[in-house]
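Listed below, chain by chain, are the residues.
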Amino acid sequence: RRAGRPFIRVNCSALAESLLESELFGHAKGAFTGADRESVGRFEAAHGGTILLDEIGDISPLIQLKLLRVLEEKEVMRVGDTKVTPIDVRVIAATNKDLRELIRQGQFRSDLYFRINVFQLMLPPLRERTESIFPLIGSFSKGKIARESFTENAIHIIETYDWPGNLRELRNMVDYISIMRS
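Participant: Run through the nonpolar core, naming residues and quoting values.
Facilitator: Within the largest apolar cluster, 26 residues are counted, with the highest numbers of intra-cluster contacts made by F43 and L53. Looking at this core, the elements with two or more residues in it are strand 1 (7-11), helix 1 (17-25), strand 4 (50-54), helix 3 (61-73), helix 4 (99-104) and helix 5 (110-116). Element by element, the count of residues in this core is highest for helix 3, at five residues. With sequence-adjacent residues up to four places away left out, F43 is seen in contact with L24, F25, I51, L53, L67, V70, L71, V76, I87, V89 and V91. Of all hydrophobic cores here, the second largest spans 15 residues; its members include L136, I137, I155 and L170.

Participant: How would you summarise the side chain of Q64 if you had to cite specific residues and measurements?
Facilitator: You can see Q64 is positioned in helix 3. At a separation of 3.0 Å, a polar atom in the side chain of Q64 contacts the main-chain carbonyl oxygen of I59. Setting aside residues no more than four positions away along its own chain, Q64 makes contact with I59, Q107, F108, R109 and L112.

Participant: Please provide a residue-by-residue account of the packing of helix 1 against helix 3, values included.
Facilitator: For the pair helix 1 and helix 3, the least separation of the axes is 10 Å and the interaxial angle reads 15°. As summarised for this structure, helix 1 and helix 3 are arranged roughly parallel, according to the angle between their axes. With respect to the hand of their crossing, helix 1 and helix 3 are arranged in right-handed fashion. Each of E17, L20, E21, L24 and F25 in helix 1 lies in contact with helix 3, whose residues at this interface are L62, I63, K66, L67 and V70. Taken together, the residues of the contact of helix 1 with helix 3 break down into seven nonpolar, no polar and three charged.

Participant: Let's hear about unusual backbone geometry: which residues, and what values?
Facilitator: A positive phi is found at E55, a non-glycine position, where the angle reads about 60°. Within the secondary structure layout, E55 lies in the loop between strand 4 and helix 3. Classification of E55 by relative accessible area gives buried; the value is 9%. Backbone geometry at W163 places phi at a positive 50°, although glycine is not the residue there. Positionally, W163 belongs in the loop between helix 7 (152-160) and helix 8 (166-181).

Participant: Outline the sheet that holds strand 4, supporting the account with residue identities and numerical values.
Facilitator: A sheet is described by the order of its strands in space; here three strands give the open sequence 1-4-7, paired in parallel fashion. The open sheet has two free edges, formed respectively by strand 1 and strand 7 (90-94), since each of these has just one partner strand. The average angle at which neighbouring strand axes cross in this sheet is 15°, direction not considered. With five bridges joining them, strand 4 and strand 7 adopt parallel strand pairing. When the sheet's bridge partners are listed, T50 is paired in strand 7 with R90.

Criteria and cut-off values
Counting restarts for each chain, with residues numbered from 1 along the sequence as it is written. Per-residue local features of the predicted model are confined to residues with pLDDT of at least 70, and side-chain atom pairs are confined, for both listing and counting, to 80 or more; whole-chain, interface and lining totals are unaffected and use all residues. Excluded from the side-chain calculation are hydrogens and water; included are all heavy atoms of the structure. Definition used in this section: a nonpolar core is a set of buried Ala, Val, Leu, Ile, Met, Phe, Trp, Tyr and Cys residues joined via side-chain atoms within 4.5 Å. Here's how the labels work: a residue is buried when its accessible area is under 20% of the maximum for its type, exposed when over 50%, partly exposed in between, all with a 1.4 Å probe on protein chains only. For the purposes of this entry, the term helix denotes a DSSP run of H or I that reaches at least four residues, the term strand denotes a run of E that reaches at least two, and both are numbered from the N terminus. Whether two residues are in contact is decided by their heavy atoms: any pair within 4.5 Å suffices. For this analysis, a polar contact is any N or O atom pair within 3.5 Å, provided that within protein one partner can donate a hydrogen and the other can accept it, and provided that sequence-adjacent residues contribute only side-chain to side-chain pairs. Axes here mean lines fitted to C-alpha atoms, for a helix over just the part in contact, with angles spanning 0 to 180 degrees between N-to-C directions. Throughout this description, any angle smaller than 35 degrees is read as roughly parallel, any larger than 145 degrees as roughly antiparallel, any in the 65 to 115 degree range as roughly perpendicular, and the remainder as oblique. By definition, turning the near helix anticlockwise from the far helix through less than a right angle yields a left-handed crossing, and turning it clockwise yields a right-handed one. Following the grouping adopted for this structure description, the nonpolar residues are Ala, Val, Leu, Ile, Met, Phe, Trp, Tyr, Cys and Pro, the charged ones are Asp, Glu, Lys and Arg, and the polar ones are all others, Gly among them. Two strands are counted as paired when DSSP detects at least two bridges linking them.

Structure representation (structure tokens):
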């Protein structure tokens, strides 16, 4: 039922705490220096749709607390504002970190974890699913690079490589091959 509705992505690790708060929840005019107009946050922009919180394991304890409140109350309050805005948003959270380990270390709130951990999809690292490598290469290259274009030695190297950068590293390899073939 959310098809055709907004799909908003937020890279939580790319923004400083104060910027992330404003991006997620919006801000009122005059809330801070340079806030010369009110701003709708990503949660409001995703109303009726989906918000993807990428790298949620990197957010600060303060943002974790504010995010928990938004998820529990289903409403946002813009930075520097006093009124709340109801929201209806499906939340997808992604991370490459072990959140349960972060909880044990005191770096991630267990109540937030249990709020977002409704349906868990675990993807093993690329090195554990080598059968996916060449279909992914084909997808990343839009079908321009096929398994058949590699030598047997190159296939062996690709399939036995550890891929510490996972999909990002594979995509970069595809981009490199595309540039070198041009």
